[in-house]
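# Architecture at a glance
What follows is each chain in one-letter form.
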Amino acid sequence: MNLHQPLSDAVARMATVVGSVDPARLSAATPCAEYDVRGLVNHLLFWAPIIEGVGLHKTAVIDRAAEGRDDHTGGDWQADYLGWLDRIDRAWASDSAWEGTATLGPATVPAAVIGEKTLVELAVHGWDLARATGQEFQVTDAVADHANRIILATADETRAMRMFGPPVTVPATASALDRALACSGRDPQWDGPGLG
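Residues numbered from 1 in each chain as written. Predicted model: local features only at pLDDT ≥ 70, side-chain atom pairs only at ≥ 80, totals over all residues. Heavy atoms only, no water.

### Overview of the overall build of the protein
Note the threshold: Numbering of helices and strands runs from the N terminus; a helix is a DSSP stretch of H or I covering at least four residues, while a strand is a stretch of E covering at least two. For every residue, the accessible area (1.4 Å probe, protein chains only) is compared with the maximum for its type, and the residue is labelled buried under 20%, exposed over 50%, or partly exposed between those bounds. The contact criterion used throughout is that any non-hydrogen atoms of two residues lie within 4.5 Å. Surface accessibility in these figures is a Shrake-Rupley result with a 1.4 Å probe; residues are shielded only by whichever protein chains are displayed.
Counting secondary structure elements, the protein contains seven helices and two strands. Expressed as a percentage of the 196 residues in the protein, the buried residues total 48%. By sequence separation, contacts in the protein at least 24 residues apart represent 70% of the contacts at least 6 residues apart. When the accessible surface of the protein is totalled, it reaches about 9,500 Å², and 52% of it is carbon and sulfur.

### A short note on the pattern of salt bridges
For clarity, the threshold we go by: Whenever Lys or Arg places a side-chain nitrogen within 4 Å of a carboxyl oxygen from Asp or Glu, that contact is recorded as a salt bridge.
Per the counting criterion, the structure on display carries six salt bridges. The salt bridge partner of Asp 128 is Arg 186, with a shortest N-O separation of 2.8 Å. Of this pair, Asp 128 sits in helix α5 (residues 111-132) while Arg 186 sits in the segment after α7 (176-183), and the two are 58 residues apart along the sequence. Connected through salt bridges with shared partners, the residues Asp 63, Arg 69 and Asp 70 form a single ionic network.

### Some details on the packing of aromatic side chains
Centre-to-centre distance and the angle between the planes together describe a pair of aromatic rings. Cut-off, in case you're wondering: Pairing of aromatic side chains here covers Phe, Tyr and the six-membered ring of Trp, requires ring centres within 6.5 Å, and sorts the geometry by plane angle: under 30 degrees stacked, over 60 edge-to-face, intermediate tilted. Sitting over a ring, as applied to charges here, requires NZ of Lys or CZ of Arg to be within 6 Å of the ring centre and within 35 degrees of the ring normal.
For the structure on display, the rule yields two aromatic pairs. Aromatic side chains Phe 46 and Trp 47 sit 5.4 Å apart centroid to centroid with 85° between the ring planes, which places their arrangement in the edge-to-face category. Relative to Trp 98, the ring of Trp 92 lies with its centre 5.0 Å away and its plane at 70°, an arrangement referred to as edge-to-face. Overall, Trp 92 belongs to the buried group, its relative accessible area being 0%. When the ring centre of Trp 84 is taken as origin, the NZ or CZ atom of Arg 87, which lies over that ring, is 4.0 Å away.

### Points about the environment of Trp 190
One can find Trp 190 in the segment after α7. In sequence terms Trp 190 and Thr 73 are 117 residues apart; their C-alpha atoms lie 25 Å from each other.

### Quick word on the pairing of strand β1 (residues 101-104)
The condition that has to hold: Paired strands are those between which DSSP finds at least two bridges.
Side-chain alternation along β1 places Ala 102 and Leu 104 on a buried face and Thr 101 and Thr 103 on a face that remains uncovered. Two strands pair when backbone bridges link them, and β1 and strand β2 (residues 107-110) are joined in this way by four bridges, in the antiparallel orientation. When the bridges of β2 are listed, Thr 101 appears paired with Pro 110.

### Some thoughts on the nonpolar core
Condition: Note on terminology: a nonpolar core comprises buried Ala, Val, Leu, Ile, Met, Phe, Trp, Tyr and Cys residues joined through side-chain atoms within 4.5 Å.
Residues Met 14, Tyr 81, Trp 92, Leu 122 and Leu 129 are the most contacted members of the largest nonpolar core, which totals 60 residues. Of all elements in the fold, only α1 (4-19), α2 (37-55), α4 (77-91), β1, α5, α6 (141-160) and α7 reach the threshold of two or more residues within this core. Ignoring sequence-local partners within four residues, the contact set of Leu 129 consists of Met 14, Val 17, Val 18, Val 21, Val 37 and Leu 40.

In structure tokens form, the structure reads like this:
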């Protein structure tokens, strides 16, 4: 399934959030317990070229040790990541990006799976970054619905890999985005230190 339009919408929303981050908030906590803002930004910058490469059907070499070692926030990281977001959007614009398989290190997976995970990454980490830096976060219904569907379908596997925390209970009337966040182990009502 080609999800380029909701992916593009998620890219645009992430770009808005990134462009509004106050650099003074890099040490702030995020709803993702694994990262503060600096760590989350480095995570996003680490995966961006890999995501673009998969959309272009290039073999991805993943140096996981570099993700935790290298700090890319010393320069103009906002401009850097905005550039990557634009390239990701263009790389996944064609039907061919969603077809066939992708090679990530030793693994071969359907390219569409990476496209779907990218949509989830942008929606969930976009929310993480927005909440950590005092911003509102709204996505289109299509982004929220697809993110919720993908997270529900992959939650057990992702939780086994310790990439999701235990699910959080939300009301039956919760929005699709809040249900997706809760399934990923996030509290949609999180209001971390320094937010008001």
